[in-house]
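# Chains, contacts and geometry: an overview
Here's the letter readout for the chains.
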Amino acid sequence: MTTDRVRIAPSPTGPLHIGTARTALFNYLHARHTGGTFILRLEDTDVARSSIAYEKDILDGLHWLGLRWDEGPEVAGEAARGPYAPYRQMGRLPLYAEAADRLLAEDKAYPCYCTAEELDAERRRLEAERRPPRYGGRCARLTADERAAFEAEGHRPALRFRVGEGSVVIDDIVRGRVEIDVANLGGDFVIVRADGTPLYHFTVVVDDAAMRITHVIRGEDHLSNTPKHVLLFRALGHEPPAFAHLPLILNPDRTKISKRKSQTAIGDYRAEGFIQEALVNYLALLGWSTGTEEEVLSLDELVERFDLRAVNKAGAVFDRERLEWLNGQWIRRLEPDDLIGRLRPFLEDQLAAGRIDRLPEEGELRALLPVIQERLPRLGRIGDLVGFLWVDELHVDPADLVPKRWDRPTTVDGLRAARETLAAVGEVSWEADEIEPPLRALAEARGWKAGDLFMAVRVAVTGRRETPPLFDTLVALGLRRTLERLGTAADLLSLEALSGT
RNA sequence: GCCCCCAUCGUCUAGAGGCCUAGGACGCCACCCUUUCAAGGUGGAGAUCAGGGGUUCGAAUCCCCUUGGGGGCACCA
């Protein structure tokens, strides 16, 4: 019994892209759901644009998302996995050369001596005539003598594949039957550059055949090119695999998602504090749904429910708001230790950026979790949320200090009274339950609305009007610093008053 | 220009002829909870199912046309 073999084949010409990640995920889900094999192959034949740094970003990103491949290239000292190594195309050059020789020998491909200038001129001429660009076939029927003449002049030929006539039918798993006349393929296409390096349409087919890929699951942008691949599979003597073309992820203006209009690097989402569970969950639901009303699903749950046949046809706009909501859902589901661990790097970033002056200890962070976990849409927001706890000198805007219903003298009065009250609570009783009653009593005694007093205290000790619950915040801050900040704020306000501003 | 694909609330989607006077989620608006902010709860606004023809007793669902949108047409991947 043969099992499904699928692959993700990114090119290291940029950081891991959201579209690549989504395609990888769908391949992964299909492989795991069917008990098949998920293969990673690096398409690095565009040497000029490929880089090792991008390769690392892509591998790290896929790993971070939890998409482990069963077969793939050697990385960081670890040997390649799988029987079809190498899994980097630049290491497979001899295979392409061998395949190209075969096509050449069988006259299914031919050398083309046209120069870039000639091809360009032809393309422009067609465009001017409002005709679709296509290769006219100038070199398709060169005699041996003519070829020899070009060679003698020192021309290095590219290799073109003979497209022939007729039409190709694709039975796409998500789109159904698609028929394309090969006359619309743009003429015979180049499979090997003049410098001898093979091109994408060629390598992808040679490798998919060699690696026994059974299902090619990729973006819809490849649908129009699929006939080229089918033709090549046949020319090489292989049965084409099954195809499944996924709907594209779109910019808000409904064009194919692009770096120019959207945030496309997975690494950027990670850096903002989106967590892998949320990203995976969100990406899976772009173009696919379970058919039920479930939508917060783990990778394992997605695997369990995934079905290629249920994939949608229409493109899907990337909606960051919805991703943020899912991120919050997943952050709230994390175990305390897990969340603490994931928060660490973001706190270190805050420290490095000078936004805070020290790192909280583990126990400190743990005590805080109940009040911050549900207030964190992204891990990167930790500094905005409670960074004031770990700064030496708090900057408070005097304008924010005065509650709406209060004036400046009342506020100074309130802050000083609160300071005295809290000082009386003392170190040993410094707990939320012990802090609240005396402050409420103070408000009542003075005829203040408790909320107004709390707001003045809140701003005085945090510098913000929006914070986690006040008493938990005061506990986290500690008695000493609470009194200190209350005093500083009161002094600040009364000084402002004296200077008449 | 040519070829291909697509078309349900702003967005992601459910819907595979009668269960749909179209369901859910995000976002938005109210209210509840409440020391602020979140979270949570309740309710609401929001889609003549792009338009027009068919087929059928019956169409969001099937067919055709139109319109709109997208993608592809490289010695990029």
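Keep in mind that this is a model prediction, so the values were computed, not measured.

Rules used in this analysis
- Residues numbered from 1 in each chain as written.
- Chains lettered and ligands numbered in written order.
- Predicted model: local features only at pLDDT ≥ 70, side-chain atom pairs only at ≥ 80, totals over all residues.
- Heavy atoms only, no water.
- Helix = DSSP H or I, 4+ residues; strand = E, 2+ residues; numbered from the N terminus.
- Rg over C-alpha atoms; globule rule 2.2 N^0.38 Å.
- Buried < 20%, exposed > 50% of the residue type's maximum accessible area, 1.4 Å probe, protein only.
- Contact = heavy atoms within 4.5 Å.
- Areas by Shrake-Rupley, 256 points an atom, 1.4 Å probe, with all protein chains shown as cover.
- pLDDT = per-residue confidence, 0-100.
- Near = heavy atom within 4 Å.
- Polar contact = N/O pair within 3.5 Å; in protein donor to acceptor, adjacent residues only side chain to side chain.
- Phe/Tyr/Trp six-rings, centres within 6.5 Å; stacked < 30°, edge-to-face > 60°.
- Pairing = 2+ DSSP bridges.
- Right-handed = clockwise from strand over helix to strand, strands pointing away.
- 1 Å grid on protein atoms, 1.4 Å probe; cavity = no way out; pocket = protein on both sides within 12 Å on 5 of 7 lines; lining within 4 Å.
- Points joined across faces, edges and corners; volume = space filled by probe spheres on them.
- Nonpolar A, V, L, I, M, F, W, Y, C, P; charged D, E, K, R; others polar.
- Axes fitted to C-alpha atoms, helices over the stretch in contact; angles between N-to-C directions.
- Lys, Arg positive; Asp, Glu negative; His and termini not counted.
- Salt bridge = Lys/Arg side-chain N within 4 Å of Asp/Glu carboxyl O.
- Arc of directions from axis to C-beta.
- Parallel < 35°, antiparallel > 145°, perpendicular 65-115°, else oblique.
- Left-handed = near helix turned anticlockwise from the far one by under 90°.

### Details of the overall build of chain A
- The helix and strand tally for chain A stands at 20 helices and 11 strands.
- For chain A, the C-alpha radius of gyration of 32 Å lies well beyond 23 Å, the compact-globule estimate for 501 residues.
- Along the longest, intermediate and shortest principal axes, the C-alpha atoms of chain A span 105 × 55 × 40 Å.
- When each of the 501 residues of chain A is scored for burial, the buried share is 48%.
- Relative to all contacts within chain A whose residues are 6 or more apart in sequence, the contacts with residues 24 or more apart total 75%.
- Carbon and sulfur atoms make up 49% of the accessible area of chain A, which amounts to about 24100 Å² in all.

### Structural notes on the confidence of the model for chain A
- Confidence along chain A averages 95 in pLDDT terms, with 99% of residues attaining 70 or more.
- Across the assembled chains, the prediction reports ipTM 0.96 with pTM 0.95.

### A few points about the protein's contact with RNA strand B
- Among the 67 residues in the neighbourhood of RNA strand B, the closest are listed as Ser11, Asp46, Gly287, Glu374 and Arg375.
- One of the side-chain N or O atoms of Arg193 is found 2.6 Å from a phosphate oxygen in RNA strand B.
- In this structure, Glu293 approaches RNA strand B through a side-chain N or O atom, which is 3.2 Å from a sugar or linking oxygen.
- The dominant element in the surface near RNA strand B, judged by the number of residues it contributes, is helix 11 (residues 320-333), at 5 residues.

### Quick word on the packing of aromatic side chains
- Enumeration according to the criterion identifies 10 aromatic pairs in this entry.
- Centre to centre, the rings of Tyr269 and Phe318 are 5.7 Å apart; their planes meet at 55°, and the pair counts as tilted. On the criterion of sequence distance, the pair formed by Tyr269 in helix 8 (residues 266-272) and Phe318 in the loop between strand 11 (316-317) and helix 11 is long-range, its members being 49 residues apart. Each member of the pair Tyr269 and Phe318 is classed as buried.

### Regarding the pairing of strand 8 (residues 215-219)
- Along strand 8, 5 of the 5 residues are buried, which leaves the element largely enclosed by surrounding structure.
- Of the pairings in the sheet, the one linking strand 8 to strand 9 (residues 242-246) comprises 5 bridges and is parallel in character. Directly across from Gly219, in strand 9, lies its bridge partner Leu246.
- Regarding the hand of the β-α-β motif, the stretch spanning strand 8, helix 7 (residues 226-235) and strand 9 is right-handed.

### Quick word on the environment of Leu231
- Note on placement: Leu231 falls in helix 7.
- Those residues in contact with Leu231 that lie beyond four places of it in its chain are Phe161, Val163, Val168, Val182 and Leu185.

### With respect to the layout of surface pockets
- Put simply, the largest pocket is a space of about 1200 Å³.
- Looking at the largest pocket, it is lined by 43 residues, and the ones nearest its centre are Ser11, His17, Thr20, Asp221 and His222.
- Counting residues per element, the lining of the largest pocket draws most heavily on helix 1 (residues 18-34), which supplies 4 residues.
- Of the residues contributing to the lining of the largest pocket, the split by class is 17 nonpolar, 15 polar and 11 charged.
- Of the voids in this model, the second largest pocket is the one considered here, and its volume is about 420 Å³.
- Contributing to the lining of the second largest pocket are 19 residues, with Leu119, Arg123, Tyr135, Arg160 and Val190 lying nearest its centre.
- Among the elements of the structure, helix 4 (116-128) and strand 4 (158-161) are those that each provide at least two residues to the lining of the second largest pocket.
- Of the residues forming the lining of the second largest pocket, the biggest block, 5 residues, is contributed by helix 4.

### Comments concerning the sheet that holds strand 3 (residues 109-112)
- With antiparallel pairing, the 3 strands of this open sheet are ordered in space as 3-4-7. A strand with exactly one partner marks an edge of an open sheet, and here the two such strands are strand 3 and strand 7 (189-192). The average undirected angle you get between the axes of adjacent strands in this sheet is 45°.
- Pairing between strand 3 and strand 4: 4 bridges, direction antiparallel. Looking at strand 4, one finds that Tyr110 is bridged to Arg160.

### Section: unusual backbone geometry
- Residue Pro86 is reached from Ala85 by a cis peptide bond, and omega for that bond is -5°.
- Structurally, Pro86 is set in the loop between helix 2 (52-65) and helix 3 (93-105).
- With a phi close to 60°, Arg130 is a non-glycine residue in the positive phi region.
- Look at Arg130 and you get exposed, because its relative accessible area is 77%.
- Here Arg212, not a glycine, exhibits a phi torsion of approximately 60°, which is positive.
- Following the sequence through the fold, Arg212 ends up in the loop between helix 6 (200-210) and strand 8.
- Assessed through its relative accessible area of 47%, Arg212 is described here as partly exposed.

### Remarks on the side chain of Asp44
- Note that Asp44 resides in the loop between strand 2 (37-40) and helix 2.
- Here Asp44 is buried and forms no salt bridge, its nearest opposite-charge partner Arg88 lying at an N-O distance of 4.8 Å.

### A word on helix 19 (residues 470-477)
- Where helix 19 is concerned, the buried positions are Leu470, Phe471, Thr473, Leu474 and Leu477. For helix 19, the angular spread of the buried residues around the axis is 155°, confining them to a single face.
- Just past helix 19, the residue Gly478 takes up positive phi, approximately 95°.

### Brief notes about the packing of helix 16 (residues 408-425) against helix 17 (residues 432-446)
- At a minimum axis separation of 10 Å, helix 16 and helix 17 run at an interaxial angle of 140°. Our classification of the angle between helix 16 and helix 17 gives oblique. Seen from above, helix 16 lies across helix 17 with right-handed handedness. Judged by residue contacts, Asp413, Ala417, Ala418, Thr421, Leu422 and Val425 of helix 16 engage Glu434, Ile435, Pro438, Leu439, Leu442 and Arg446 from helix 17.

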